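Summary of structural features
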Amino acid sequence: MTKRRPFPIPTRKRPPPREIPPLVTRRRLRRNRGALLGLLILALMALAAALAPFIAPYDPLAVAPEAQLKPPSAAHWAGTDLFGRDVFSRLLFGGRVSLLVGVVAVLIASVPGTALGLIAGYYRGWVDSLTMRVMDLMLSFPGILLALGIVALLGPGLFNVMIAVGIAGIPSYTRLVRGSVLAVEKNLYVRAARTIGCRDGRILLWHILPNVLAPIVVLSTLDMAWAILNASSLSFLGLGAQPPMPEWGAMLSEGRGFMRQAPWITIAPGLAIMLTVLSVNLLGDGLRDALDPRLRT
Amino acid sequence: MLQLIGKRLLASIPMVWAVTTLVFLALHLLPGDPAELMLAESGGSAESIAYLRTQLGLDEPLHVQYTRFLLNIVRGDLGRSLFTNRPVLQTLLEQLPSTIELALFAMLVALALGTGLGILAALNHNSWVDNVCMAIAVAGVSMPIFWSGLLLILLFSWTLHWLPATGQGGMRHLLMPAFVLGFASAGTIARLVRSSLLEVLYQEYITTARAKGLTERVILTRHALKNALIPIMTVVGLQFGFLLGGAVVTETVFSRQGIGRLIVDAILWKDFPLVQGGVLLAAVIYTLVNLLVDISYAFADPRLRHSGL
C-alpha cells in the first residue's frame, strides 16, 4: 500500500523556451507585409543604383541635341530632357546620389547625436543640462529651415546639403538616446560593471549602447526618409546638387519649365523620390513595430 | 491659469534670446566673414571686401557687434537688405501675411484630412478601410511637396483649366498650395489620431458608456474623441513648424510671395542680413506658436490645468 502524500507536490512548470531577440525581430518583420514590400523596393532601388554604370542604356551626361524632349519610347524608356539626355539613365545615376545623401546625412546626424545622448544621459548634471538646452535650441528651428540656414552659411552644393540635413537631424537622436540611457542605466548589469571597475567608456560602449541600439536603428531608418526628402527639396530649390549632376530633385527642377511639353522629365524623378521615401518609411515602420513597439505612434 | 500662462511666457524669453544668439554666432564664428563670402566668389578686390566689412560693422570686436545686434533687434531693426537696401524687417513683414495665410489654410486641410482618415482607420481597425487610410497617410508623408504641387498644376491648371497655376490673390490661388502642403502634414496627423483613438477605445470608461446603453455615435463624439484628440494638439504645434518649412518649397512651386521664397532667394543672392532676419523670424514664430499650443493644451486638459505645470 502506498502512503498518500499529505500535500500534492507542486510540479515545476517548464519555462517557455527563451526567445532570441534577433530571431523575434526577424519573425515580426517577416509577418509585416508593408515592411517586406518596403525592403524589396529599397533593395531593387539600391541594386539599380549600384549597377547603374552597367545597366544604364546611355551616358547620363551625354548631350544629344537631335533627341531633345523626346517622349518615352523603346529607345528612351523615360524620354529625354531639354539637352536630349536619357531620363532613365539619369534616374539610375540619380539613385546613387539620393541614396548616398540619405546614408551620409543619417550618419552625420546619428553618430554625434548618439554620442551626445550617451554622455548627457550617463553623466547627467550640468553636461546633461547644457547638451539638452542646446538641442532644444536647435529644435526651435523648423527642420528644413535649420538646414536652409546652414546651407546659407556653407554655400550651396550637394556635400553642404548632406551636412546641413545631417546637423538638423542631430537633436532627435540625442533626445532619444538620452531617454533610453536614463532607463537602461538603472539596470543591475550596469551597476555590476561599475562595481568590477569598468571604465565609463567601456560601460557606455559595451553595456549601455547595445541596449539602446534598437530605437536608434528605427529612428535612423525613418530619418533617412526625411533626409532624402529634404535633400531633394534643397536641390529642387537650386541649393543642393548643381547641374549637370543627375540628382532627382535637381532633375525635377530642370524639367519644371517644360512641364507642359515634356511632363515625363518631372514625373519620373518625382516618382523615384516618392518610391524611395515610401519604401524607407514602410521599412522603418516595420522595424519600429518589430524592435520597439513602444515607439509606435 | 494666468500663473501658467505667465510661467510659460517667461520661459520662452530665454529661448527667443538663445535663438537670436545662435543666429548671430552662426554667421560670425564661421571661417570667412559674410563680406568675404559675398564678394569672394564674384571676384571682389581686397579693398571692396574691406569696405563692405566696415559698412556691415564686421571690423569691430565680436561683443560690440553682438550688443549692437541685440539692441537693434529690441528696437525692431534687423538691418538692411544688401540688394534692395530696404529694411529687412519691413521686407519680411510685407511677405509674412502670405506665408501665414498659406500655413493656416494648410493646417486646416491637414487637420480635416488627418483626423478624418485617422478616425475612419481606427473605427475600422484591421480592415481594408484601415489599410487604405494608412496607405494614403504614408503616401502623404512620402510624396515630395514640389512634385505633388507640379502634378496638381498639370492637372487642374493646364489640363482642366479649373484653377490658376501660380500667383496670389483669393481663395482660388490658395486652394492648390494649401492642399499640397496640408496633405503632406495630414499623414502624420492621421497616424497619430488613429493610434490615439485606438488606445482610448479600449479604456474602461468607454465600456461603461456602452454599458449605459449610449449609441456608438455619442460614445465616439462625447467620450472617445475628446480624449483622443488632446495629444493631437501638441503635434499641431510641431506640424506648424513643418508647414513653415514646407512653405519654402510650396511658395517656390506656385510662385507665391512669402517668407520662404524670400529666404531661398536671399540665400541664392547671398543677402545675409535678409537670411538672418528670415530664419530668426521663422524661429520666433515657431516658438510662439508652440507656446500658444502649450497654453491651449492646458485649457483642453483639466488634469494639466490643476497640476499647475
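Residues numbered from 1 in each chain as written. Chains lettered and ligands numbered in written order. Predicted model: local features only at pLDDT ≥ 70, side-chain atom pairs only at ≥ 80, totals over all residues.

Helix and strand content of chain B: 14 helices and zero strands. Counted from the first residue to the last, chain B has its helices and strands arranged as α-α-α-α-α-α-α-α-α-α-α-α-α-α. Structurally, chain B occupies a C-alpha span of about 85 × 55 × 30 Å along its principal axes. Taking all 309 residues of chain B together, 39% fall into the buried category. (Helix = DSSP H or I, 4+ residues; strand = E, 2+ residues; numbered from the N terminus. Buried ≥ 20, exposed ≤ 12 C-beta atoms within 10 Å, placed from the backbone.)

We now examine the confidence of the model for chain B. The predicted model of chain B averages 85 in pLDDT, with 94% of residues at 70 or higher. Two summary scores accompany this predicted model of the complex, namely pTM at 0.86 and ipTM at 0.84. (pLDDT = per-residue confidence, 0-100.)

This part is about unusual backbone geometry. For the bond from Pro243 of chain A to Pro244 of chain A, the omega torsion is 5°, close enough to zero to count as cis. Summarising the element assignment, Pro244 of chain A is placed in the loop between helix 9 (200-236) and helix 10 (248-255). One non-glycine residue, Leu69 of chain A, adopts positive backbone phi at about 45°. Relative to the helices and strands, Leu69 of chain A is located in the loop between helix 3 (52-55) and helix 4 (87-123). You will see that Ser255 of chain B, though not glycine, has its phi angle at about 45°, which is positive. When you line up the elements, Ser255 of chain B lands in the loop between helix 11 (230-253) and helix 12 (259-269).

A few words on the interface of chain A and chain B. Contact with chain A, which involves 35 residues of that partner, is made by 38 residues of chain B. Looking at the side of chain A that touches chain B, the elements with two or more residues in it are helix 6 (143-154), helix 9 and helix 11 (264-291) of chain A. For the side of chain A that touches chain B, the class distribution of residues is 22 nonpolar, 10 polar and three charged. (Contact = placed C-beta atoms within 7 Å. Nonpolar A, V, L, I, M, F, W, Y, C, P; charged D, E, K, R; others polar.)

Before going further, it helps to spend a moment on the packing of helix 6 (residues 128-142) of chain B against helix 8 (residues 170-201) of chain B. All names here are of chain B. For the pair helix 6 and helix 8, interaxial distance at closest approach is 7 Å and the crossing angle is 135°. Overall, the two elements helix 6 and helix 8 adopt an arrangement that is oblique. When the axes of helix 6 and helix 8 are compared, the crossing they make is left-handed. Between helix 6, through Cys133, Ala137, Val138, Gly140 and Val141, and helix 8, the contact on the second element is made entirely by Phe183, Ala184, Ala186, Gly187, Thr188, Ala190 and Arg191. (Axes fitted to C-alpha atoms, helices over the stretch in contact; angles between N-to-C directions. Parallel < 35°, antiparallel > 145°, perpendicular 65-115°, else oblique. Left-handed = near helix turned anticlockwise from the far one by under 90°.)

Compared with an ideal rise of 1.5 Å per residue, which puts 15 residues at 21 Å, helix 7 (residues 145-159) of chain B spans 20 Å between its outermost C-alpha atoms and is within 8% of the ideal. In helix 7 of chain B, a bend of some 25° at Ile153 of chain B exceeds every other bend along the element. By the burial criterion, the buried members of helix 7 of chain B are Ile145, Phe146, Trp147, Ser148, Gly149, Leu150, Leu152 and Ile153 of chain B. In this structure, the buried residues of helix 7 of chain B make contact with helix 9, helix 10 and helix 11 of chain A together with helix 8 and helix 11 of chain B. At the C-terminal side of helix 7 of chain B, His161 of chain B shows a positive phi close to 55°. (Expected span 1.5 Å × (residues − 1). Bend = angle between axes of the 7 residues up to and from the residue.)

Turning our attention to the environment of Phe299 of chain B. Locating Phe299 of chain B in the fold gives a position in helix 13 (residues 272-300). Spatially, the C-alpha atoms of Phe299 of chain B and Met1 of chain B are 8.4 Å apart, while their sequence positions differ by 298 residues.

When a protein is soluble and globular, its nonpolar side chains tend to lie buried together. Core analysis: the largest hydrophobic core is formed by 149 residues, its most contacted members being Ala147 and Val151 of chain A together with Ile263 of chain B. If one sorts the elements of this core by residue count, helix 9 of chain A sits on top with 16 residues. (Core = buried A, V, L, I, M, F, W, Y, C linked by C-beta atoms within 7 Å.)

A word on the packing of helix 9 of chain A against helix 10 of chain A. All names here are of chain A. Packing of helix 9 against helix 10 leaves a shortest axis separation of 7 Å and a crossing angle of 35°. Classified by chirality, the crossing of helix 10 by helix 9 is right-handed. Taking contact as the criterion, the partners of Ser232, Ser233, Ser235 and Phe236 in helix 9 are, on helix 10, Trp248, Gly249, Ala250, Leu252 and Ser253. Looking at side-chain class alone, the contact of helix 9 with helix 10 contains four nonpolar, five polar and no charged residues.

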